[in-house]
Amino acid sequence: MLDDFREWLSDNLRYLLLGLVVILLIVIAFFTVKLVTGKGKENKNAPEAVTEKISEEEESETEVKITLEKNKSEILDVMTKYYTARAEKDVETLRAIEPDFSAEDEADLQNNNPIERYDNITVYSREGLTDGAYIVYVYFDAKVVGIDTLAPTLTDKYLETDEEGNLIIVDKFCTQELTDFVEMMRTTDAVQALIKDVNQRLSDAAAGDSDLQAYIVAQKGGSSSQNDEAGDDSGNSGNAPEVNSSVKATTDINVRSEASTNGVLYGTLSTGMKATILENLDSGWSKISYTVNGTTIEGYVMTQYLESAE
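A brief report on the enclosed structure follows. Position labels on residues start from 1 in each chain and follow its written sequence. With pLDDT at 70 or above as the cut-off, local features in this predicted model cover only qualifying residues; side-chain atom pairs require 80 or more to be listed or tallied, and sums for whole chains, interfaces and linings still use all residues. Note that the side-chain values use all heavy atoms of the structure and ignore hydrogens as well as water.

### As for the overall build of the chain
Looking only at helices and strands, one finds nine helices and twelve strands in the chain. Relative accessibility under 20% of the residue-type maximum defines a buried residue, over 50% an exposed one, and the middle range a partly exposed one, all with a 1.4 Å probe and only protein chains included. Per-residue burial for the chain yields a buried fraction of 39% across its 310 residues. Pairs at least 24 residues apart make up 57% of the contacts formed inside the chain by residues separated by at least 6 positions. Using a 1.4 Å probe, the Shrake-Rupley method yields the accessible areas, and only the shown protein chains count as cover for residues. Of the roughly 18,200 Å² of accessible surface on the chain, a fraction of 50% belongs to carbon and sulfur atoms. A run of H or I in DSSP counts as a helix once it spans at least four residues, and a run of E counts as a strand once it spans at least two, with each numbered from the N terminus. Here a residue-residue contact requires only that any non-hydrogen atoms of the pair lie within 4.5 Å.

### Points about the packing of aromatic side chains
When two rings of Phe, Tyr or Trp (its six-membered ring) have centres within 6.5 Å they constitute a pair, described as stacked for plane angles under 30 degrees, edge-to-face for angles over 60, and tilted for the intermediate range. On inspection of all chains with the given rule, the structure shows five aromatic pairs. Ring centres of Tyr-82 and Tyr-83 lie 5.0 Å apart, and the angle between their planes is 90°; on these two criteria the pair is classed as edge-to-face. For the residue pair Tyr-82 and Tyr-83, the accessibility class agrees, reading buried in each case. Measuring from ring centre to ring centre gives 6.4 Å for Tyr-158 and Phe-181, while their planes differ by 80°; the resulting arrangement is edge-to-face. Here Phe-181 lies in helix 7 (residues 176–186) and Tyr-158 lies in strand 4 (residues 151–161), a separation of 23 residues in the sequence. Accessibility classification places Tyr-158 together with Phe-181 in one group, the buried group. Three or more aromatic residues joined by ring pairs form one cluster here, namely Tyr-82, Tyr-83, Tyr-118 and Phe-140.

### Thoughts on helix 8 (residues 189–207)
With 19 residues, helix 8 extends 27 Å between its outermost C-alpha atoms, agreeing within 8% with the 27 Å of an ideal straight helix rising 1.5 Å per residue. Along helix 8, the residues that are buried comprise Val-191, Gln-192, Leu-194, Ile-195, Val-198, Asn-199, Leu-202, Ala-205 and Ala-206. Taken end-on, helix 8 shows its buried residues confined to a sector of 155°, consistent with a single buried face. Helix 8 presents Asp-189, Lys-196 and Ala-207 as exposed residues on the side facing more than 90 degrees away from its buried surface. Any helix carries an expected span of 1.5 Å times its number of residues minus one. Throughout, the arc means that of the directions going from the helix axis to the C-beta atoms.

### A word on the pattern of salt bridges
Note on definitions: salt bridges are taken to be side-chain nitrogens of Lys or Arg within 4 Å of carboxyl oxygens of Asp or Glu. In total, this model carries ten salt bridges according to the counting rule given. Across the pair Arg-186 and Asp-156 runs a salt bridge whose closest N-O atoms are separated by 3.4 Å. Here Asp-156 lies in strand 4 and Arg-186 lies in helix 7, a separation of 30 residues in the sequence. Accessibility classification places Arg-186 together with Asp-156 in one group, the buried group. Residue Lys-248 pairs with Glu-307 through a salt bridge whose shortest N-O separation is 3.9 Å. Here Lys-248, found in strand 6 (residues 246–249), pairs with Glu-307, found in strand 12 (residues 306–308); they are 59 residues apart in sequence, far enough to count as distant. Salt bridges here are not isolated pairs; linked through shared partners, they connect Asp-156, Lys-172, Arg-186 and Asp-252.

### So, the pairing of strand 4
Of all eleven residues in strand 4, nine are buried; the element is thus mostly enclosed. The pairing of strand 3 (residues 134–144) with strand 4 spans nine bridges and is classified as antiparallel. Bridge pairing in strand 4 places Tyr-139 opposite Leu-154. Should DSSP find at least two bridges between two strands, the strands are regarded as paired. If you look at the hairpin formed by strand 3 and strand 4, you'll find six residues sitting between the two strands, and Gly-146 has a positive phi there, around 80°. Pairing analysis gives four bridges linking strand 4 to strand 5 (residues 167–170), with the strands arranged antiparallel. Residue pairing in the sheet places Glu-160 in a bridge with Ile-168 of strand 5. Between strand 4 and strand 5, which pair antiparallel and follow one another directly, the connecting turn spans five residues, one of which, Gly-165, has a positive phi of 85°.

### Concerning the environment of Leu-194
Note on placement: Leu-194 falls in helix 8. For the pair Leu-194 and Tyr-137, spaced 57 residues apart in sequence, the C-alpha separation works out to 8.9 Å. Not counting residues within four places of it along the chain, the set of residues in contact with Leu-194 comprises Leu-68, Tyr-124, Tyr-137 and Leu-154.

### Quick look at the sheet that holds strand 5
What the five strands build is an open sheet, ordered 1-2-3-4-5; its pairing is antiparallel. Lying at the two open borders of the sheet, with one neighbouring strand each, are strand 1 (69–70) and strand 5. Strands in contact with helix 4 (residues 73–88) are strand 2 (115–127), strand 3, strand 4 and strand 5; relative to strand 2, the strand with the most contacts, it is inclined by about 155°. Think of each axis as a best-fit line through the C-alpha atoms, taken over the contacting stretch in the case of a helix, with angles from 0 to 180 degrees between the N-to-C directions. Running at roughly 145° to strand 4, helix 8 makes contact with strand 2, strand 3 and strand 4 of the sheet.

### Structural notes on a nonpolar patch on the surface
Two joining distances apply to patches: 9 Å for like charges and 5 Å for nonpolar side chains (Val, Leu, Ile, Met, Phe, Trp, Tyr), and every residue must have over 30% relative accessible area and no salt bridge. A cluster of nonpolar side chains, contributed by Leu-24, Leu-25 and Ile-28, occupies part of the molecular surface with about 300 Å² of accessible area. Mapping Ile-28 onto the fold places it in helix 1 (residues 2–38).

If you want it as structure tokens, here you go:
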């Protein structure tokens, strides 16, 4: 019987081999089709960012919404300590938080700071240019000596994390990259809305207290027009030098399309930022030119908030 099987296998071997080849070809063809038709199909388990690839063209047309985080705990803690120290004229604590706090800053704090208390401190923040850095907008109600009504105020700070892991205040204009970032942030909808809200609060507060109104006018260089911004920590003012000279902002001021508060808002010239005077107008406005992110912007600001940068 074994001999019969061997004889049959010998007679039919070529047919068996041919059948195996056909089956193998069918299997190969099947998996080839599966591979081709399955390529590019969405992986249901992949993160959305991977499966929904945005082309560079689409990405450039997508509006990026900037959001601010309210009262991030570690930032609120450090800014509360900072402004408490300012109210108490605690220079040691101020220098620990702001290493660049100078002898001139100390003299100004001791002799020229009329704010005796900073109430209702609230912080709005976003990540900065490096790990552990933040751009921070600080709101507080300032209690000015001799004035009962609190003055709603907004100012901005740039915080970095030092080698010991502590958040410290650094000069927000120490590099051109940081200056551009600060300026860009101030033009975002989120920050502009915050500025507008605080401006309105300050106007409402001043409307009900003539002493506060007089203080604001005095701090803003004798004009009841509010430079379209919330105040800074000190409220310094200055005068613009001659045409074609270099100037810097003494506080945060809006840059507008025309010499009027009704002009289109082009951006903000932050405290310390430099510009070039193009024209001085009798109305108290100056036309300036300044550069942000490689783009030169021309617009109008109130002259009283400019001083010589030379």
